Amino acid sequence: MPLTRRQTRRSKAVDQLPRHGWQKTTWIWIFLLPTVVLYGVYTIYPIIASYWYSLVEWNGFDSNQKFVGISNYREVFADPLFWNSFKVTLIFMVLVVPARVLLTLLVAMILNNPKLPLIGVLRSAFFIPVVTTTAIIGVVMRFILDPATGPINSLLIKLGGGGVDFLGGQHLALPTAAVLYIWKFFGVTMIYWLAALQTIPYELYEAAKIDGAGTWQLFRYITLPMLKPFLIIISVLTVEETFHNFDLMYTLTAGGPYFHTEIIEIYIYRWAFAAPIPQLGHASAAAVIFGLLVAIVGAVQLWGVYAGRRLRGEQR
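These lines cover the structure that appears in this document, whether it is placed above or below.

Another point: the overall build of the chain. Within the chain one finds 13 helices and two strands. C-alpha extents for the chain along the principal axes are approximately 100 × 75 × 35 Å. Considering the chain as a whole, with its 316 residues, one finds that 35% of them fall into the buried category. Residue pairs in contact within the chain that sit at least 24 positions apart in sequence constitute 66% of those at least 6 positions apart. About 19,700 Å² of surface is accessible on the chain, with carbon and sulfur atoms providing 69% of the total. Of the side-chain charges in the chain, 24 are positive and 16 negative, and the distance between the mean point of each set is 17 Å.

It is worth spelling out the layout of surface pockets at this point. Any empty space left between atoms is shown by rolling a water-sized probe over those atoms. The calculated volume of the largest pocket comes to roughly 590 Å³. What lines the largest pocket is a set of 15 residues, among which M109, N112, N113, Y205 and K209 lie closest to the centre. Elements with a contribution of two residues or more to the lining of the largest pocket: α9 (202–210) and α10 (215–242). Looking at the lining of the largest pocket, its residues break down into eight nonpolar, five polar and two charged. Approximately 410 Å³ is the volume found for the second largest pocket. Around the second largest pocket, the lining comprises 17 residues; the ones closest to its centre are P46, S50, F273, S284 and A287. For the lining of the second largest pocket, the elements supplying multiple residues, two or more each, are α1 (5–53), α12 (264–274) and α13 (280–315). Looking at the lining of the second largest pocket residue by residue, the classes come out as twelve nonpolar, five polar and no charged.

Attention now moves to helix α4 (residues 119–131). Here α4 is 13 residues long and its end C-alpha atoms lie 19 Å apart, about the 18 Å a rise of 1.5 Å per residue gives. The largest bend along α4 reaches roughly 30 degrees and is located at A125, with the proline P129 sitting one to four residues downstream.

This next bit is on the packing of α4 against helix α8 (residues 186–197). Two elements in contact, α4 and α8, have axes separated by 7 Å at closest approach and are oriented at 130 degrees. With respect to α8, the axis of α4 lies oblique. In contact with R123, F126, F127 and V130 of α4, α8 contributes F186, G187, V188, M190, I191 and L194. In the contact of α4 with α8, the residues fall into eight nonpolar, one polar and one charged.

Okay, unusual backbone geometry next. Peptide bonds are trans in most cases, and residues, glycine excluded, mostly fall at negative phi. Between G256 and P257 the backbone carries a cis peptide bond, its omega angle lying at -5 degrees. Among the secondary structure elements, P257 is positioned in the loop between α11 (246–252) and α12. We note that L118 has phi near 55 degrees; this positive angle belongs to a residue other than glycine. Counting through the fold element by element, L118 comes out in the loop between α3 (80–111) and α4.

Further remarks concern the side chain of H282. For H282, the location among the structural elements is in helix α13. Excluding anything up to four places from it in sequence, H282 contacts N72, E75, V76, D79, Y267 and W271.

What follows covers the nonpolar core. By size, the foremost hydrophobic cluster in this structure holds 63 residues, and its most contacted members are F92, W193, L227, M249, L252 and F290. Among the elements that take part in this core, α3 stands out by supplying eleven residues, more than any other.

Rules and cut-offs
- Residues numbered from 1 in each chain as written.
- Predicted model: local features only at pLDDT ≥ 70, side-chain atom pairs only at ≥ 80, totals over all residues.
- Heavy atoms only, no water.
- Helix = DSSP H or I, 4+ residues; strand = E, 2+ residues; numbered from the N terminus.
- Buried < 20%, exposed > 50% of the residue type's maximum accessible area, 1.4 Å probe, protein only.
- Contact = heavy atoms within 4.5 Å.
- Areas by Shrake-Rupley, 256 points an atom, 1.4 Å probe, with all protein chains shown as cover.
- Lys, Arg positive; Asp, Glu negative; His and termini not counted.
- Charge placed at Lys NZ, Arg CZ, Asp CG, Glu CD.
- 1 Å grid on protein atoms, 1.4 Å probe; cavity = no way out; pocket = protein on both sides within 12 Å on 5 of 7 lines; lining within 4 Å.
- Points joined across faces, edges and corners; volume = space filled by probe spheres on them.
- Nonpolar A, V, L, I, M, F, W, Y, C, P; charged D, E, K, R; others polar.
- Expected span 1.5 Å × (residues − 1).
- Bend = angle between axes of the 7 residues up to and from the residue.
- Axes fitted to C-alpha atoms, helices over the stretch in contact; angles between N-to-C directions.
- Parallel < 35°, antiparallel > 145°, perpendicular 65-115°, else oblique.
- Core = buried A, V, L, I, M, F, W, Y, C linked by side-chain atoms within 4.5 Å.

Here it is as structure tokens:
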């Protein structure tokens, strides 16, 4: 039975759809290919290779790799300096996360006021350290905090006080690094809070003010309940970010003094590249353990995102 003109057009259109769809998919993969290759070579392959290296004894130079099984993991767990780096990493997290989350919330609430003069300049001023290279900040701060020639200690001496070794003191080095880390990434968390605050309808504040609510009542009964979902997400993101501070900590103290600021990343670097005889197997085993810790935090982060969305759904 011959096809009508309309049926013929429809048949041609249907025949062309798969071909056009295949062509679009091909071009998408062509444009993605460089990213996929680079990501596979510099991210996926090192992760997979580190699992193999953690099972062998290898200095990174010889072609011979001696399989030792889980011996590297035993050595890592038996090394007190590994547990010291683990403790330092956790202490650093405890110092950074509460201060960074709460202080940025306070500043974001101030900068969220549209009537505040020069609000754009103030927001940019807090965000400038974020776009500055972390390693450069570490090098500059070492000069500024130098106990002998640094401008801060020179000022303290002129004022009649004594010089303070901020980065060389066993009890001051880690808190000093924490303060610099908070200052460096202050703008990131502040932007998170600004975005969260702008989701709260301004009409709620106006209605509460008409009923006689003060600043504390507005924060307690409107701002804080509306920000609970974001508090979970921002806190988990901040916890995960504190695990990746190798560049700042290494340029500031390189793990000193006497391993008091040696985080896990510096511990891995020391065994892999800074040791007289590099031990890639030992460093890879420590890296695998550290990766599992980050993966656990990532799982908690996913739970936090889910819990935050659920809370927002309940509030609506």
